[in-house]
Amino acid sequence: MRIILSIVLGAAAIKSCPAAGFPYRLRWEVDAPAGSVCASVFAAGLLLDGNEAVPPWNGVPFDESRVNAFDRWAMQPYSNGLDDAGTAAQLLTMATPAILAASDTGDWMTVGVMYAQSVMLMCGLKNTFKGLVDRNRPYMYFDDPSNEGIESGDRLNSFPSGHAAYAFNGAVFTSRVFTRCFPDSPWKTPVIAGSIGLAVTTAVLRMESGNHFLSDVLAGAAIGGLSGFLIPWLHEVDGPAEGFSVTPLPSGGMVTLRF
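All chains use their own residue numbering, which begins from 1 and follows the written sequence. For a predicted model such as this one, the threshold for reporting local features is a pLDDT of at least 70, and the threshold for listing and counting side-chain atom pairs is 80 or more; totals across whole chains, interfaces and linings nevertheless cover every residue. Where side-chain values are given, they derive from all heavy atoms of the structure, hydrogens and water being excluded.

Visitor: Sorry if this is basic, but what is going on with the overall build of the protein chain here?
Guide: Counting its regular elements, the protein chain contains nine helices and two strands. In DSSP terms, a helix is any run of H or I states spanning at least four residues, a strand is any run of E spanning at least two, and both are numbered starting from the N terminus. Along the protein chain, helices (α) and strands (β) appear in the sequence α-α-α-α-α-α-α-α-α-β-β when read from the amino end. Exposed residues in this analysis have more than 50% of their type's maximum accessible area, buried residues have under 20%, and partly exposed residues fall in between, with area computed by a 1.4 Å probe over protein chains only. Considering the protein chain as a whole, with its 259 residues, one finds that 47% of them fall into the buried category. Using a 1.4 Å probe, accessible areas were evaluated by the Shrake-Rupley method; residue-level cover was limited to the displayed protein chains. When the accessible surface of the protein chain is summed, it comes to about 12500 Å², and 64% of that surface belongs to carbon and sulfur atoms.

Structural data, given as structure tokens:
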């Protein structure tokens, strides 16, 4: 509750970022290739995720000893209540970019396009890994697993954590853009701590609800954090516009980032 309150109060207390000093800009030399890459990754993820038939389950919990030691210690049985709580925390974290609504610079289009690109990139990467990696969720190693997960075939979608990916994408995006737009704001630390705190809460609840292993949420956090940081960084006014390019190749394309 304190985390949510800090974010709400922060949004109410932000002073407008002068239009001339707005640190982000949409540029065709960035957005054309970036948008194409994000859309391509998103489409690839959709094609790979969910196209494989799920083998039937015989009703016997899997052998917990076959799970690696790194993940085994945090395994938990299924909890519907904590499952719902994790989804609620995820949705709250995804909404944290709304804090930027306190700015009256007229740059809604810029922030909106950046966030859309980051979500597309994150979804594409997340779905690609889910399509390539079949991993039973932790609740399959205990009695009373999720009936919905078994019936839908979602039991094999443990890696990576989509909830963590969505949450950390929103949290890192909000933290990065807020910090660059309002570098002197006294609410900078509460906003960063609040959004990241919500993302961590989401990841913990996904483990405690029996939906994910520790490595699942770490991978999801990495995917979300990368996409939430990379897209705003590409759009910074003093950022790497000249250092970003896409080169067509016979077998696809090559993305180049020069630091």
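Visitor: Honestly, the environment of Arg135 in this entry has me stumped. Any pointers?
Guide: Tracing the backbone through its elements, the reader meets Arg135 in the loop between helix H5 (108-132) and helix H6 (147-152). Along the chain, Arg135 and Arg155 lie 20 residues apart, while their C-alpha atoms are 7.8 Å from each other.

Visitor: Looking at this structure, how should I read the pattern of salt bridges?
Guide: When the charged atoms of two side chains lie near each other, side chains of opposite charge can form a pair. One speaks of a salt bridge when a side-chain nitrogen belonging to Lys or Arg is within 4 Å of a carboxyl oxygen belonging to Asp or Glu. As enumerated under the stated definition, the model contains six salt bridges in all. The salt bridge involving Arg176 is made with Glu236; its shortest N-O contact spans 2.4 Å. With Arg176 in helix H7 (residues 162-181) and Glu236 in the loop between helix H9 (214-234) and strand E1 (244-249), the pair connects residues that are 60 residues apart, well separated along the chain. The exposure class assigned to Glu236 is buried, which follows from its relative accessible area of 5%. Across the pair Glu236 and Arg180 runs a salt bridge, and its minimum N-O distance is 3.3 Å.

Visitor: What's the story with the packing of aromatic side chains in this structure? I'm lost.
Guide: Given two aromatic rings, their pairing is described by the distance between the two centres and the angle made by the two planes. Here is the rule: rings of Phe, Tyr and Trp (six-membered ring for Trp) pair when centre to centre is within 6.5 Å. Planes less than 30 degrees apart are stacked, more than 60 are edge-to-face, and the remainder are tilted. Using the criterion set out here, one finds seven aromatic pairs in the structure. Geometrically, the ring pair formed by Tyr78 and Tyr139 is edge-to-face, given 5.5 Å between the ring centres and 80° between the ring planes. Separated by 61 residues along the polypeptide, Tyr78 in the loop between helix H3 (69-72) and helix H4 (80-94) and Tyr139 in the loop between H5 and H6 bring together distant segments of the chain. Site record: aromatic cluster; members linked through ring pairs are Phe62, Tyr141 and Phe213.

Visitor: Help me out: how do you make sense of H9 in this one?
Guide: Residues lying three or four places apart along an α-helix face the same way, a consequence of the helix completing one turn every 3.6 residues. Here the expected span of a helix is defined as 1.5 Å times the quantity of residues minus one. An ideal rise of 1.5 Å per residue puts 30 Å on 21 residues; H9 measures up with 30 Å between its terminal C-alpha atoms. Burial of H9 is extensive: 17 of the 21 residues sit out of reach of the surface.

Visitor: Explain the environment of His163 to me, please; I cannot follow it from the model alone.
Guide: In this fold, His163 is placed in helix H7. Residue His163 is classed as buried on the basis of its relative accessible area of 16%. Residues His163 and Thr202, 39 residues apart in the sequence, show an inter-C-alpha distance of 7.0 Å. Any pair of residues with heavy atoms lying within 4.5 Å of one another is described as a contacting pair. What His163 contacts, discounting residues up to four positions off in sequence, is Gly86, Thr87, Gln90, Thr202 and Arg206.

Visitor: It is not clear to me how the packing of helix H2 (residues 28-48) against H5 should be interpreted in this structure. Could you clarify?
Guide: Angle between the axes and distance between the axes are the two parameters that describe a pair of packed helices. At their nearest, the axes of H2 and H5 sit 7 Å apart, and the two run at 30° to each other. The interaxial crossing formed by H2 with H5 has left-handed handedness. Within the contact between the two elements, H2 uses Asp31, Ala34, Gly35, Cys38, Ala39, Val41, Phe42, Ala44, Gly45, Leu46 and Leu48 and H5 uses Val113, Gln117, Met120, Leu121, Cys123, Gly124, Leu125, Asn127, Thr128, Gly131 and Leu132. When the residues that make up the contact of H2 with H5 are grouped by side-chain class, the tally is 14 nonpolar, seven polar and one charged. Note on geometry: axes are C-alpha line fits, over the in-contact stretch for helices, and angles between N-to-C directions span 0 to 180 degrees. Each crossing gets its handedness from the near helix: less than a right angle anticlockwise from the far helix is left-handed, clockwise is right-handed. Residue polarity follows a fixed list, in which Ala, Val, Leu, Ile, Met, Phe, Trp, Tyr, Cys and Pro are nonpolar, Asp, Glu, Lys and Arg are charged, and the others, Gly among them, are polar.

Visitor: Mind showing me how you'd approach the nonpolar core here?
Guide: The tendency in soluble globular proteins is for nonpolar side chains to be buried as a group. Side-chain atoms within 4.5 Å are what join buried Ala, Val, Leu, Ile, Met, Phe, Trp, Tyr and Cys residues into a set we call a nonpolar core. By size, the foremost hydrophobic cluster in this structure holds 26 residues, and its most contacted members are Leu100, Met114, Leu121, Met122, Phe173, Val177 and Phe178. Those elements that place two or more of their residues in this core are H2, H5, H7 and H9. Here the element with the most residues in this core is H5; it accounts for seven residues. When near neighbours in sequence (up to four residues on either side) are disregarded, Leu121 contacts Cys38, Val41, Ser227, Leu230 and Ile231.

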